[in-house]
Amino acid sequence: MNQQKIFHYLFLLLLLAVCDEKKEQGMDINDLKLSQIQVIGSHNSYRTHPTVEMFNLMMGLNPELAAELDYDHPSFEVQFSQYGIRQIEIDVYYDPEGGLFYYQRGNLFIGLPVASSIEKLMNPGLKVLHFPDIDYRTHYITFVDALTAVKTWFDANPNHIPVFILVEAKEEGLTSVYPSLSGFTHPLPFDGDALDAIDADIRSVFGNDLSKVITLDDVRGDSESLEAVILDGGWPTIGESRGKVYFGLDNGGAIRDEYTADHSALANRVHRKRHS
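All figures in this text were calculated on a predicted structure; none of them were measured in a lab. (Residues numbered from 1 in each chain as written. Predicted model: local features only at pLDDT ≥ 70, side-chain atom pairs only at ≥ 80, totals over all residues. Heavy atoms only, no water.)

J.: Mind showing me how you'd approach a nonpolar patch on the surface here?
T.: A contiguous nonpolar patch, built from Val177, Tyr178 and Leu181 and spanning about 270 Å² of accessible area, is present on the exposed surface. By secondary structure assignment, the location of Tyr178 is in the loop between helix 6 (174-177) and helix 7 (192-206). Classification of Tyr178 by relative accessible area gives partly exposed; the value is 45%. (Patch = residues over 30% accessible without salt bridge, like charges linked within 9 Å, V, L, I, M, F, W, Y side chains within 5 Å. Areas by Shrake-Rupley, 256 points an atom, 1.4 Å probe, with all protein chains shown as cover. Salt bridge = Lys/Arg side-chain N within 4 Å of Asp/Glu carboxyl O. Helix = DSSP H or I, 4+ residues; strand = E, 2+ residues; numbered from the N terminus. Buried < 20%, exposed > 50% of the residue type's maximum accessible area, 1.4 Å probe, protein only.)

J.: Sorry, what's going on with the packing of aromatic side chains here?
T.: For any pair of aromatic rings, geometry is given as the distance between the ring centres together with the angle between the planes. Applying the stated criterion to the full structure yields 13 aromatic pairs. Seen in terms of ring centroids, Tyr94 and Phe190 are 6.0 Å apart; in terms of plane orientation they differ by 45 degrees. Their pairing is tilted. Of this pair, Tyr94 sits in the loop between strand 2 (85-93) and strand 3 (127-128) while Phe190 sits in the loop between helix 6 and helix 7; the two residues are 96 residues apart in sequence, bridging distant segments of the chain. For the pair Tyr94 and Phe190, one class covers both residues: buried. Aromatic ring contacts, followed pair by pair, group Phe76, Phe80, Tyr140, Trp153, Phe154, Phe206 and Phe247 into a single cluster. Note that Arg47 overlies the ring of Tyr71, its terminal NZ or CZ placed 4.5 Å from the centroid. (Phe/Tyr/Trp six-rings, centres within 6.5 Å; stacked < 30°, edge-to-face > 60°. Lys NZ or Arg CZ within 6 Å of the ring centre and 35° of its normal.)

J.: Where do I start with the packing of helix 4 (residues 76-83) against helix 5 (residues 143-156) in this structure?
T.: Running from amino to carboxyl end, helix 4 crosses helix 5 at an angle of 35 degrees, the nearest separation of the two axes being 9 Å. Where helix 4 crosses over helix 5, the two elements pack in a sense that is right-handed. Along the contact surface, helix 4 presents Phe76, Glu77, Phe80 and Ser81, while helix 5 presents Ala146, Ala149, Val150, Trp153 and Phe154. Taken together, the residues that form the contact of helix 4 with helix 5 break down as 7 nonpolar, 1 polar and 1 charged. (Axes fitted to C-alpha atoms, helices over the stretch in contact; angles between N-to-C directions. Left-handed = near helix turned anticlockwise from the far one by under 90°. Contact = heavy atoms within 4.5 Å. Nonpolar A, V, L, I, M, F, W, Y, C, P; charged D, E, K, R; others polar.)

Okay, here's the thing in structure tokens:
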């Protein structure tokens, strides 16, 4: 986390400089729009480092890829409190029946138990992990676990600037990359029901009224055109948004299109969509 510390300090210096400049101009920092600020974010924010045995296996198979995966993160609480992180990313896999990721089949090659012994993995619901069978270690087993950790910190720090949460709906497994392989976990596609489950989990943690979530319905207001509101500087201010969170679906293509289907201007949806 040394690099994160450096970025944190630079961010604080930049923020202090901006605050001083705005004070000189007679502007309150709370009057800035969300589109006028930058924050520090972490990637695969839930992830912990693979076991030594699994990492050595990765190194033997693909050293370049293993080098990219040679990192981990502390808990959300530590990221928010100690490192100033205000944007996180969470990967979710669909598991409506439960048990899809209970067996970590890559362990066959390193002499570790394949059965995870994690009972939560047997329950239905969205699971949080980077890649089935080989890169599965995480601080938070379920999406609800991850969201609950976020909300717990929010409740204890009600004056924080809004935190942006990217959610990536993932469908890839080893057989997606290497079709000739067999016996590994086959993740399920993100259809309409799966995408609805993401929004449902968010509501289950933050409440059906989403009072602590900045939604695009809030941004759009009475206008029929979300684009027109955004282009007219319609994002809320920091002052209006403190203590809240907002979500972005970090998917393009078919998943993005499925999420926006039958929701003109993303009405009644929790997430922003990715523009690419």
